[in-house]
Amino acid sequence: KYGDSALHPKNIFYKGDATNSIKIRLDDKLGRVVNSEETRVNDIADIIGYCVLLLASMEVSGHEINNLKD
């Protein structure tokens, strides 16, 4: 339903770029986890998803990610 709004924000209220927009969403989600009495699987999945979107917005290549493997 969100389309590609993470990498191409609509900039209705926030006028920043996609990378900072994703960081804000990630910050909000982490804040909710910290302030919650329980950690839900959905919250962790959301954090992983935001991290993947952040890597994409930073134009990190598959080669760079492969270099992280042990």
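Before reading on, note that the structure itself is shown above.
Being a predicted model, the structure only gives us computed values, none of them experimental.

Visitor: I would appreciate a short explanation of the pattern of salt bridges in the present structure.
Guide: Where charged atoms from two side chains of opposite charge come close, those side chains can pair. This structure, assessed with the given rule, holds three salt bridges. Here Lys-29 and Asp-43 are joined by a salt bridge, their closest N and O atoms 3.1 Å apart. Taken as a pair, Lys-29 in helix 1 (residues 18-35) and Asp-43 in helix 2 (residues 41-57) lie far apart in primary sequence, 14 residues in all. Residue Lys-29 is classed as buried on the basis of its relative accessible area of 7%. Across the pair Asp-46 and Lys-29 runs a salt bridge, and its minimum N-O distance is 2.9 Å. Here the residue Asp-46 occupies a position in helix 2, and Lys-29 occupies one in helix 1, the gap between them amounting to 17 residues.

Visitor: Can you walk me through the nonpolar core in this structure?
Guide: With five residues, the main nonpolar core is built from Ile-22, Leu-26, Val-33, Ile-47 and Leu-54. Elements with a minimum of two residues in this core: helix 1 and helix 2. Ranked by residue count, the leading element in this core is helix 1, at three residues. If we skip the residues at most four places from it in the chain, Leu-26 touches Ile-47, Tyr-50, Cys-51 and Leu-54.

Visitor: Help me understand helix 1, please; the structure alone is not making it clear to me.
Guide: Two residues of an α-helix separated by three or four positions point the same way, owing to the 3.6 residues in each turn. Compared with the 26 Å implied by 1.5 Å per residue over 18 residues, the 26 Å span of helix 1 between its first and last C-alpha is a close match. For helix 1, every residue scored as buried is listed here: Ala-18, Thr-19, Ser-21, Ile-22, Leu-26, Lys-29 and Val-33. Within helix 1, the buried residues cover an arc of 165° as seen down the axis, which keeps them to one side. Turned more than 90 degrees away from the buried face of helix 1 sit Asp-27, Val-34 and Asn-35, all of them exposed. Tucked inside the fold, the buried residues of helix 1 contact helix 2.

Visitor: I keep staring at helix 2 and nothing clicks. Help me out?
Guide: Taking 1.5 Å per residue, 17 residues should reach 24 Å; helix 2 reaches 24 Å between its end C-alpha atoms and fits that length. For helix 2, the complete set of buried residues consists of Asp-43, Ile-47, Leu-54 and Ser-57. Each buried residue of helix 2 lies within a common arc of 85° when the element is viewed along its axis, so the set occupies one face. Within helix 2, the exposed residues directed more than 90 degrees away from the buried face are Val-41, Ile-48 and Val-52. Structurally, helix 2 contributes buried residues whose contacts are with helix 1.

Definitions and cut-offs
Residues numbered from 1 in each chain as written. Predicted model: local features only at pLDDT ≥ 70, side-chain atom pairs only at ≥ 80, totals over all residues. Heavy atoms only, no water. Salt bridge = Lys/Arg side-chain N within 4 Å of Asp/Glu carboxyl O. Helix = DSSP H or I, 4+ residues; strand = E, 2+ residues; numbered from the N terminus. Buried < 20%, exposed > 50% of the residue type's maximum accessible area, 1.4 Å probe, protein only. Core = buried A, V, L, I, M, F, W, Y, C linked by side-chain atoms within 4.5 Å. Contact = heavy atoms within 4.5 Å. Expected span 1.5 Å × (residues − 1). Arc of directions from axis to C-beta.

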